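Coordinates in review
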Amino acid sequence: MVNNETLNMIKQRRSIRNYNPEQIKEEELQAVLESGLYAPYAWETGKHFTVIQNKEMLERLNHLAKETMKQSKSEDLRKMGNSEEYHCMYHAPTLIIISGNEKAPIPVHAECAAALQNLLVAAESMGLGTCWLYSVIMAFDSPQGGELLKELQIPEGYKPYYSTTLGYKKDSVVNVPEKNRNNITYIR
Ligand SMILES: Cc1cc2nc3c(=O)[nH]c(=O)nc-3n(C[C@H](O)[C@H](O)[C@H](O)COP(=O)(O)O)c2cc1C
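Residues numbered from 1 in each chain as written. Predicted model: local features only at pLDDT ≥ 70, side-chain atom pairs only at ≥ 80, totals over all residues. Heavy atoms only, no water.

Here's the deal with the layout of surface pockets
Space inside the largest pocket adds up to approximately 330 Å³. In this structure, the largest pocket is lined by Met1, Val2, Ile10, Lys11, Arg14, Val176, Pro177, Glu178, Lys179, Asn180 and Arg181. Residues that form the lining of the largest pocket fall into these classes: five nonpolar, one polar and five charged. Considering only enclosed or pocket space, the second largest pocket measures out at about 160 Å³ in volume. For the second largest pocket, the full set of lining residues is Pro21, Gln23, Gln53, Lys55, Leu58, Glu59, His87, His91, Ala92 and Pro93. Taken together, the residues of the lining of the second largest pocket break down into four nonpolar, four polar and two charged. (1 Å grid on protein atoms, 1.4 Å probe; cavity = no way out; pocket = protein on both sides within 12 Å on 5 of 7 lines; lining within 4 Å. Points joined across faces, edges and corners; volume = space filled by probe spheres on them. Nonpolar A, V, L, I, M, F, W, Y, C, P; charged D, E, K, R; others polar.)

What about helix α5 (residues 109-125)?
Here α5 contains 17 residues, and its C-alpha end-to-end distance of 25 Å stays within 8% of the 24 Å for a straight helix at 1.5 Å per residue. Along α5, the positions that sit buried rather than exposed are Glu111, Cys112, Ala113, Ala115, Leu116, Leu119, Leu120, Val121, Ala122, Ala123 and Glu124. Directly after α5, the chain includes Gly127, whose backbone phi takes a positive value near 80°. (Helix = DSSP H or I, 4+ residues; strand = E, 2+ residues; numbered from the N terminus. Expected span 1.5 Å × (residues − 1). Buried < 20%, exposed > 50% of the residue type's maximum accessible area, 1.4 Å probe, protein only.)

Re the site of the ligand
The local shell around the ligand consists of Arg13, Arg14, Ser15, Arg17, Tyr90, Cys131, Trp132, Leu133, Tyr134 and Ser135. Contact distances for the ligand include 2.9 Å between an oxygen atom and a side-chain N or O atom of Arg14. Tyr90 is positioned with one of its side-chain polar atoms (N or O) 2.4 Å from an oxygen atom of the ligand. For the ligand, the accessible surface in isolation is 620 Å², of which the surrounding protein chains cover 59%. Across the shell around the ligand, the residue classes tally to five nonpolar, two polar and three charged. (Near = heavy atom within 4 Å. Polar contact = N/O pair within 3.5 Å; in protein donor to acceptor, adjacent residues only side chain to side chain. Areas by Shrake-Rupley, 256 points an atom, 1.4 Å probe, with all protein chains shown as cover.)

Some words on unusual backbone geometry
We note that His91 has phi near 60°; this positive angle belongs to a residue other than glycine. Here His91 is to be found in the loop between α4 (75-82) and β2 (94-101). With phi around 55°, Gln153 is a residue other than glycine that occupies positive phi space. Mapped onto the fold, Gln153 is located in the loop between α6 (145-151) and β5 (158-168). Residue Gln153 is classed as exposed on the basis of its relative accessible area, which comes to 64%.

Spelled out as structure tokens, the structure:
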């Protein structure tokens, strides 16, 4: 098997749901963001990154996302919304949201996802924890969603698609599961 540092980082990354409250260093944040800028893109102005480190705003996003979950058709989501313990961001000190330009003639959500995955792997290479989150995006489906877009200065016409937490891991989880390969077909 081929083995190198990049492959190891990709395999080692796991969703982290337990963080130290300490904020990450600015240089770490900038390095993670830079990895997103180098991701493949479909459109020059396809995406926008929003970095949120303001505690009040993080709590507000959690609250609004959970309010939306409470109204969901899915019982699982309703349970999460109603749970006192559940925190959409697992109390991570940083959240990055990637929004896509709705005016682009190509579906830019794919480029947002590519950038997000770069952030996750770059963060792992620095020992930082991440968790890809859809849950928090539900805050934008709340009645206050429009207001939130303005407060977060998400450019007009951009839609929040994906997000990730960023922070120092509370426990160092290095559980690399074996993956099922039955979903690969080879035509040779
Ligand atoms: C599109 C997408 C949305 C996700 N949303 C959430 C989420 O809202 N909350 C959460 O805790 N994890 C979320 N995850 C993380 C997955 O649960 C996780 O990646 C999966 O269970 C595999 O675990 P691993 O990341 O540790 O390999 C999401 C992942 C993806 C790709």
